[in-house]
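# Survey of secondary and tertiary structure
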Amino acid sequence: MSVIDRLVREARRRAAAFRGGQPAAPSLRVAVLTCMDARIDPAKLFGLAPGEAHVLRNAGGAVTADVRRSLVISQRLLGTRAIAVVRHTGCGMLGLDEALRDDLAAEVGEHADWQVHGFADLEGDLRAALAELRADRFLLHTDQIRGFVYDVEHTGRLTEVTEVTEDGGVTGDGGVTGDGGVTGDGGVTGDGGVTGDGGVSGQAEVSGRVEVADGGDADGLARGAA
Ligand SMILES: [Zn+2]
């Protein structure tokens, strides 16, 4: 039996338990952009049920033209308001660059009509992706765009990547304030609370990272979007 036959068999079996009836508009009004990495299960990670969120995936969780298109549809036609971008440790796009396109062109005889979107700096590229989304004038809502690194290799934990502004503060919904507090929209809550490398105490120590305990972020996302 081919692998796709196996998938079809599973789908047939599971159809018996199917319960439809949900509207197409995501009830949590949130879109998640993440990598296609097989170790990431967005539904399990965030405790999402069918009908609750849009999930956009590609190699790397890159902000491509197609992702921006989908997010505009998501917000303008289907009512989502918040965007969570989830990158991860051990991503296959780490270390890749546009040289791959040239290698492929040498083999195939023409350049592909897409960019590779590889990166050398996981968090730096994530910050750039967040900035690109926040600057997207076609999006209706850019006030709840947050980025996370998911450790798929060792801990299963999410680490929020915040942006350090020129005055040394850290921005972002539910982000870390200058005095070390955690505020905002959706907040960062959950069993275990907020911990983190470098601590979240004071301007000097703000490392731009907030570790979110298991379950905490899903709650935050859900409340933030409600
Ligand atoms: Zn990846």
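In what follows, the structure referred to is the one given above.
Residues numbered from 1 in each chain as written. Predicted model: local features only at pLDDT ≥ 70, side-chain atom pairs only at ≥ 80, totals over all residues. Heavy atoms only, no water.

## Details of the overall build of the chain
The helix and strand inventory of the chain stands at six helices and nine strands. Long-range pairs, those at least 24 residues apart, make up 63% of the contacts in the chain between residues at least 6 apart in sequence. As displayed, the chain has an accessible area near 12,100 Å², and 53% of this comes from carbon and sulfur atoms. (Helix = DSSP H or I, 4+ residues; strand = E, 2+ residues; numbered from the N terminus. Contact = heavy atoms within 4.5 Å. Areas by Shrake-Rupley, 256 points an atom, 1.4 Å probe, with all protein chains shown as cover.)

## With respect to the pairing of strand β1 (residues 30–35)
Counting buried residues along β1, six of its six residues qualify, which places the element largely inside the surrounding structure. Here β1 pairs with strand β2 (residues 53–58) via six bridges, running parallel. Paired with V30 across the bridge in β2 is A53. Relative to strand β3 (residues 82–88), β1 is paired through five bridges, and the arrangement is parallel. (Buried < 20%, exposed > 50% of the residue type's maximum accessible area, 1.4 Å probe, protein only. Pairing = 2+ DSSP bridges.)

## Brief notes about helix α5 (residues 122–134)
Side chains that are three or four residues apart share a direction in an α-helix, a result of its 3.6 residues per turn. Taking 1.5 Å per residue as the helical rise, α5 with its 13 residues ought to reach 18 Å, and the 18 Å between its terminal C-alpha atoms agrees with that figure. Of all the positions in α5, only L122, E123, L126, A129, L130 and L133 are classed as buried. Projected onto a plane normal to the axis of α5, the buried residues spread over an arc of 115° and lie on a single side. Taking the backbone nitrogen of E123 as reference, a side-chain oxygen 3.3 Å away marks D121 as the first, capping residue of α5. (Expected span 1.5 Å × (residues − 1). Arc of directions from axis to C-beta. Polar contact = N/O pair within 3.5 Å; in protein donor to acceptor, adjacent residues only side chain to side chain.)

## A few points about the coordination of the zinc ion
Coordination sphere of the zinc ion, protein contribution only: C35 (SG), H88 (NE2) and C91 (SG), at 2.0 to 2.3 Å. Sequence spacing among the residues donating to the zinc ion works out to C-x52-H-x2-C. Of this pair, C35 sits in strand β1 while H88 sits in strand β3, and the two are 53 residues apart along the sequence. Judged on exposure class, the residue C35 and its partner H88 are both buried. (Donors = N, O, S within 2.8 Å, 3.2 Å for Na, K, Ca; no water.)

## Looking at a nonpolar patch on the surface
A surface patch of nonpolar side chains, amounting to about 370 Å² of accessible area, comprises V3, I4, L7 and V8. You can see V8 is positioned in helix α1 (residues 3–15). (Patch = residues over 30% accessible without salt bridge, like charges linked within 9 Å, V, L, I, M, F, W, Y side chains within 5 Å. Salt bridge = Lys/Arg side-chain N within 4 Å of Asp/Glu carboxyl O.)

## Some points on the side chain of T80
Of note, T80 is situated in the loop between α3 (65–76) and β3. For T80, a relative accessible area of 0% translates into the label buried. Among the polar contacts listed, one links the side chain of T80 to the side chain of S74, at a separation of 2.6 Å.

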